[in-house]
Amino acid sequence: MKIYCNGFNLYRKFKTDEPLIKKFKIFELPDVRDLEVSLTFAIHKNKNNELFLTGGSSNDDQNLNYNFGCLVCISCTNDFIYVLNADGRFFQIDIVNLEKIVEVNTKKYLQSDDKFIHFAIGDKIQVGLTRFGYVYDFPKRLNFDVRSTIDIKVGGVHCLMLDSKGNVYSFGNGSRGQLGLGTLEDHSDPSQIEALAGIKIVSIACGTWHCAVISDEGDLYTWGWNQNGQLGLPIHSTEKSEGVSVMATPHIIDFPDPNANAVKVACGKRHTIVLLDNGELYGCGMNKYKQLKEDDEDIIETMNFLGDFSKEKVKDIKCGPWNSVICCE
């Protein structure tokens, strides 16, 4: 895998001495199959299902040197690494002591023959999906009758879920409109986002207090907190537009080329990046750590062009809290 990355690098999670990677920089990781980024470190797995950590308290790549089995999901917060294998076994690793690997007993939550097949982990929320279609906000099983969930994403204290029909559901803290339900209220169990009803959504993403989704027609919708312009909407009022601090329902975002469609989206702590089908990358939000582009502005409050990746075969785009990463084959 070849990755392009920028942003905060004080702890050298990307192998360069630059504390801020101001422009997208290329790194070759030939055996990498998946990668996740936290504030201070990055983890990746290779083709042999080995896990490596870069950054943090060490300048060297650290092999976790543990047989996790066939890994299907990896995630990280600033303090822990989480992995799930194909047998439904779930592990938590303390980054301060990588030898402290704890297998979480998930069977006590599940009915016979069920197992976890996917999870999403945030600093204050842990959500898992089982093969029978049940969703858990650990350790509680949610009151949710839909059995066709295909993706889960979490923010700081909220969760988005996507089903096979393209419907989107949310639950958790809604204080900044991040649930997309039209209010700032909390919801302990999932509710369908009615503003997206009838629109088939194919991709979902969560920032700490905001969300972004893409429809099957290539439209991008954002909602939630907009303090740093992470929704792609202006913060300050002008003669032509009214400033937005909170958007509690999904809002469609325009791009310069009206014929271009959004195909991939990712959210950081306070920024959003979007890949279009013409290979162009756009982004908005906080730019204090150059997680969007080399620019004197710390806030980029509408969608700006970040780079042309039309000559690359982009596999995925990802965000750390203050980083952007483009993963290419």
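Just above sits the structure.
What you are looking at is a predicted structure, and each value in this text was computed from that prediction instead of being measured.

Rules behind the numbers
- Residues numbered from 1 in each chain as written.
- Predicted model: local features only at pLDDT ≥ 70, side-chain atom pairs only at ≥ 80, totals over all residues.
- Heavy atoms only, no water.
- Helix = DSSP H or I, 4+ residues; strand = E, 2+ residues; numbered from the N terminus.
- Rg over C-alpha atoms; globule rule 2.2 N^0.38 Å.
- Buried < 20%, exposed > 50% of the residue type's maximum accessible area, 1.4 Å probe, protein only.
- Contact = heavy atoms within 4.5 Å.
- Pairing = 2+ DSSP bridges.
- Axes fitted to C-alpha atoms, helices over the stretch in contact; angles between N-to-C directions.
- Phe/Tyr/Trp six-rings, centres within 6.5 Å; stacked < 30°, edge-to-face > 60°.
- Lys NZ or Arg CZ within 6 Å of the ring centre and 35° of its normal.
- Salt bridge = Lys/Arg side-chain N within 4 Å of Asp/Glu carboxyl O.

S.K.: Please explain the overall build of the chain as it appears in this structure.
M.R.: Scanning the chain for helices and strands turns up zero helices and 28 strands. Taking 20 Å as the expected radius of gyration for a compact globule of 329 residues, we find that the chain reaches 19 Å, a close match to that expectation. Along the three orthogonal principal directions, the C-alpha set of the chain runs to about 60 × 50 × 30 Å. With 329 residues in all, the chain has 54% of them scored as buried. Sequence separation of 24 or more characterises 47% of the internal contacts of the chain that already satisfy a separation of 6 or more.

S.K.: Which parts of the structure should I look at to understand the sheet that holds strand E18 (residues 187–192)?
M.R.: Whether parallel or antiparallel, the strands of a sheet pair through hydrogen bonds between backbone atoms. Taken in spatial order, the four strands make up an open sheet running E15-E16-E17-E18, and their pairing is antiparallel. The sheet is open, and its two edges are formed by strand E15 (149–154) and E18, each paired on a single side. If you compare each strand with its neighbour and ignore which way they point, the axes differ by 20° on average. Where strand E17 (residues 168–172) meets E18, three bridges bridge the pair, whose relative direction is antiparallel. By the bridge assignment for E18, Tyr 169 is matched with Gln 192.

S.K.: Explanation requested: the packing of aromatic side chains in the structure shown.
M.R.: The geometry of an aromatic ring pair is captured by two quantities: the separation of the ring centres and the angle between the planes. Inspection of every chain in the model, using the stated rule, returns 22 aromatic pairs. Between Tyr 66 and Phe 68, the ring centres sit 4.8 Å apart and the planes meet at 50°, which makes this aromatic pair tilted. On the basis of relative accessible area, Phe 68 is assigned to the buried category, the value being 2%. When the ring of Phe 68 is compared with that of Phe 91, the centres are 5.3 Å apart and the planes differ by 75°; the resulting orientation is edge-to-face. Taken together, the residues Phe 68 in the loop between strand E6 (62–63) and strand E7 (71–76) and Phe 91 in strand E9 (residues 90–94) connect sequence positions 23 residues apart. Of the two residues, Phe 68 and Phe 91, both sit in the buried class. Put simply, the rings of Phe 80, Tyr 82, Phe 90, Tyr 109, Phe 116, Phe 119, Tyr 136 and Phe 138 touch in pairs and so form one group of aromatic residues. Over the ring of Trp 209 we find Arg 176; its NZ or CZ atom is 4.4 Å from the centre of that ring.

S.K.: What am I meant to see in the pattern of salt bridges here?
M.R.: Under the definition given, this model contains 10 salt bridges. Of the charged contacts in the structure, one is a salt bridge between Asp 17 and Arg 12, with a shortest N-O distance of 3.0 Å. We classify Asp 17 as exposed; its relative accessible area is 65%. As a salt-bridge pair, Asp 61 and Lys 15 come within 3.8 Å of each other at their nearest N and O atoms. One end of the pair, Asp 61, is in the loop between strand E5 (51–55) and E6; the other, Lys 15, is in the loop between strand E1 (2–8) and strand E2 (20–28), with 46 residues separating them in the sequence. Owing to a relative accessible area of 46%, Asp 61 belongs among the partly exposed residues under this scheme. The class for Lys 15 is partly exposed, based on a relative accessible area of 34%. Bridged by salt links that share partners, the residues Asp 34, Glu 36 and Lys 318 form one connected network.

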